[in-house]
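Observations on the three-dimensional arrangement
Chain by chain, the residues:
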Amino acid sequence: MKKRHIPAHPYLLLAMATLFWSGNFVIGRAVHARIPPIGMAFWRWAIALCVLLPFAWPRLKLQWRAILRLWKTVIPLGVLGIGSFNTFVYIGLRDTTATNAILMNSACPAFIVAISCIFLGLPATSRQLAGIAASLLGIGTIVCRGHLENMLSLSFNRGDLWILSAVLCWAIYTSLLKRRPEEIHPLAMLSAMMIIGVTCLAPLYAWEMSRGIMITPDAATAAVLLYLALLASLAAYIFWSQAVEEIGANRAGAFLHLMPMFGSLLAVLLLGESFRPFHAASIALILSGVTLAGGGSAPARRHAKSPGT
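Residues numbered from 1 in each chain as written. Predicted model: local features only at pLDDT ≥ 70, side-chain atom pairs only at ≥ 80, totals over all residues. Heavy atoms only, no water.

Let us now look at the environment of Ser106. Topologically, Ser106 is positioned in the loop between α4 (98-105) and α5 (108-119). The spatial distance from the C-alpha of Ser106 to the C-alpha of Val167 is 8.8 Å, given a sequence separation of 61 residues. (Helix = DSSP H or I, 4+ residues; strand = E, 2+ residues; numbered from the N terminus.)

Shown next, in the form of structure tokens:
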């Protein structure tokens, strides 16, 4: 049966996906005082799962035995990609800016190369090592706010450290995705990972509520959660996957560099954040690092992995 595609140019789909992912960081910062982080992550994925499951159920029903056999891979993917990444991002956004968070997230491709070298034994070229070093320097520039004395005195913003932990989770998650067998349908795998992630988040959400930290059930909260579930999760995933299928992973991957631009612009316009000189320096270091780290590597697989969102 011929696949149904969204009637839109792949470049437009890629731009919209990166815009939706960038909005995740900006909204997470905007509502940090009214929606608790674990509750926000739980309801984001619970709503997305409820919408996705009717479409994915036929595939999931056929392949659940194969997924169970791969539990050593599927469970870490669900815990890291669904349960941990966005939860850590939302916790971090309580204490750091959306601009800082999205710039740190843009270093993820270089971290993926580093983790693949360390844990999977993949060789790294001198160019890739230089790229990893440049990206780490860019991250350090953000963490110390452009002041070396902060680094020397170990005076860091705890929000930045949570974001860094999130980026590391996503880098490990992406590296583990290489072990996903191609015979498992993407929707079946995504549904399984969402089920695992929501299951992990449920007791943490119950603990958060037991401390009296509740979500305010109003129209604004509903709008935020629907954006995160329907646009930043499902629509962005569908747009990205279709575009990669049409133009290939390498060409699509270049559009990830739109996230620092989109995120910084949205943070300045909607949140009134300041774009400071150390942000510009970090962008230059991180993007040069990602460019270097991406060189000399093995050819990308056809189905590129979505960035940390």
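Bringing the packing of helix α3 (residues 71-92) against helix α9 (residues 186-210) into the picture now. Interaxial distance between α3 and α9 falls to 8 Å at its minimum, and their mutual angle equals 60°. It follows that α3 is oblique to α9 by the angle criterion. Between α3 and α9 lies a crossing of right-handed hand. Facing α3, whose interface residues are Val74, Ile75, Leu77, Gly78, Val79, Ile82, Gly83 and Thr87, α9 presents Met189, Ala192, Met193, Met194, Ile196, Gly197, Cys200 and Leu201. (Axes fitted to C-alpha atoms, helices over the stretch in contact; angles between N-to-C directions. Parallel < 35°, antiparallel > 145°, perpendicular 65-115°, else oblique. Left-handed = near helix turned anticlockwise from the far one by under 90°. Contact = heavy atoms within 4.5 Å.)

To continue, consider the side chain of Glu208. Note on placement: Glu208 falls in helix α9. One buried charge, Glu208, has no salt-bridge partner; the nearest side chain with opposite charge is Arg94, at 5.9 Å. A distance of 2.9 Å separates a polar atom in the side chain of Glu208 from the backbone nitrogen of Gly39. (Buried < 20%, exposed > 50% of the residue type's maximum accessible area, 1.4 Å probe, protein only. Lys, Arg positive; Asp, Glu negative; His and termini not counted. Salt bridge = Lys/Arg side-chain N within 4 Å of Asp/Glu carboxyl O. Polar contact = N/O pair within 3.5 Å; in protein donor to acceptor, adjacent residues only side chain to side chain.)

To continue, consider the packing of helix α2 (residues 37-69) against α9. In the contact formed by α2 and α9, the axes pass within 6 Å of each other and the chain directions differ by 145°. For the pair α2 and α9, the crossing hand works out as left-handed. In terms of residue class, the contact of α2 with α9 is made up of 26 nonpolar, three polar and two charged. (Nonpolar A, V, L, I, M, F, W, Y, C, P; charged D, E, K, R; others polar.)

Membership of the largest hydrophobic core comes to 75 residues, with the highest contact counts inside it found for Val89 and Met194. The greatest single-element share of this core, amounting to 14 residues, is contributed by helix α10 (residues 219-247). Apart from residues lying up to four places away in sequence, Val89 is in contact with Phe25, Ile163 and Ala166. (Core = buried A, V, L, I, M, F, W, Y, C linked by side-chain atoms within 4.5 Å.)

This next bit is on the confidence of the model for the protein. Mean pLDDT over the protein: 81, with 82% of residues reaching 70 or higher. At the low end of the mean pLDDT range in the protein sits helix α7 (residues 148-152), at 53; at the high end sits α9, at 94. Note that residues 296-304 has pLDDT below 50 and, in this model, 18 contacts with residues that lie over four places away or in other chains. (pLDDT = per-residue confidence, 0-100.)

This structure, assessed with the given rule, holds nine aromatic pairs. Aromatic pair Phe20 and Phe239: ring centres 6.2 Å apart, planes at 35°, arrangement tilted. With Phe20 in helix α1 (residues 10-30) and Phe239 in helix α10, this pair connects stretches of sequence that are 219 residues apart. Note on Phe239: relative accessible area 13%, which makes it buried. Here Phe85 and Trp170 contribute two aromatic rings whose centre-to-centre distance is 5.0 Å and whose plane-to-plane angle is 55°, an arrangement assigned as tilted. Taken together, the residues Phe85 in helix α3 and Trp170 in helix α8 (residues 158-176) connect sequence positions 85 residues apart. Trp170 carries the same exposure label as Phe85, and that label is buried. Members of the aromatic cluster, each reached through a chain of ring pairs, are Phe20, Tyr227 and Phe239. (Phe/Tyr/Trp six-rings, centres within 6.5 Å; stacked < 30°, edge-to-face > 60°.)

With that settled, consider the side chain of Thr18. Considering the arrangement of structural elements, one finds Thr18 in helix α1. On the accessibility criterion, Thr18 (0% relative accessible area) is buried. Looking at Thr18, its side chain comes within polar contact range of the main-chain oxygen of Ala15, at 2.9 Å. When neighbours within four sequence positions are excluded, Thr18 is seen to be in contact with Trp240, Phe255, Leu256, Leu258, Met259 and Phe262.

Before going further, it helps to spend a moment on the environment of Asp218. Of note, Asp218 is situated in the loop between α9 and α10. Here the side chain of Asp218 touches Arg34 through a polar contact of 2.4 Å, side chain to side chain.

Before going further, it helps to examine the environment of Met193. Checked against the element boundaries, Met193 lands in helix α9. Between the C-alpha atoms of Met193 and Gly78, which are 115 residues apart in sequence, the distance is 4.1 Å. With near-sequence residues (within four places) excluded, Met193 lies in contact with Val74, Leu77, Gly78, Ile82 and Tyr173.

For the rest of this paragraph, the subject is the pattern of salt bridges. A full pass over the atoms with the stated rule returns two salt bridges. Arg158 is the partner of Asp95 in a salt bridge, and the nearest nitrogen-oxygen pair spans 3.1 Å. Of this pair, Asp95 sits in the loop between α3 and α4 while Arg158 sits in helix α8, and the two are 63 residues apart along the sequence. Relative accessible area serves as the criterion here: at 58%, Arg158 is assigned to the exposed category.

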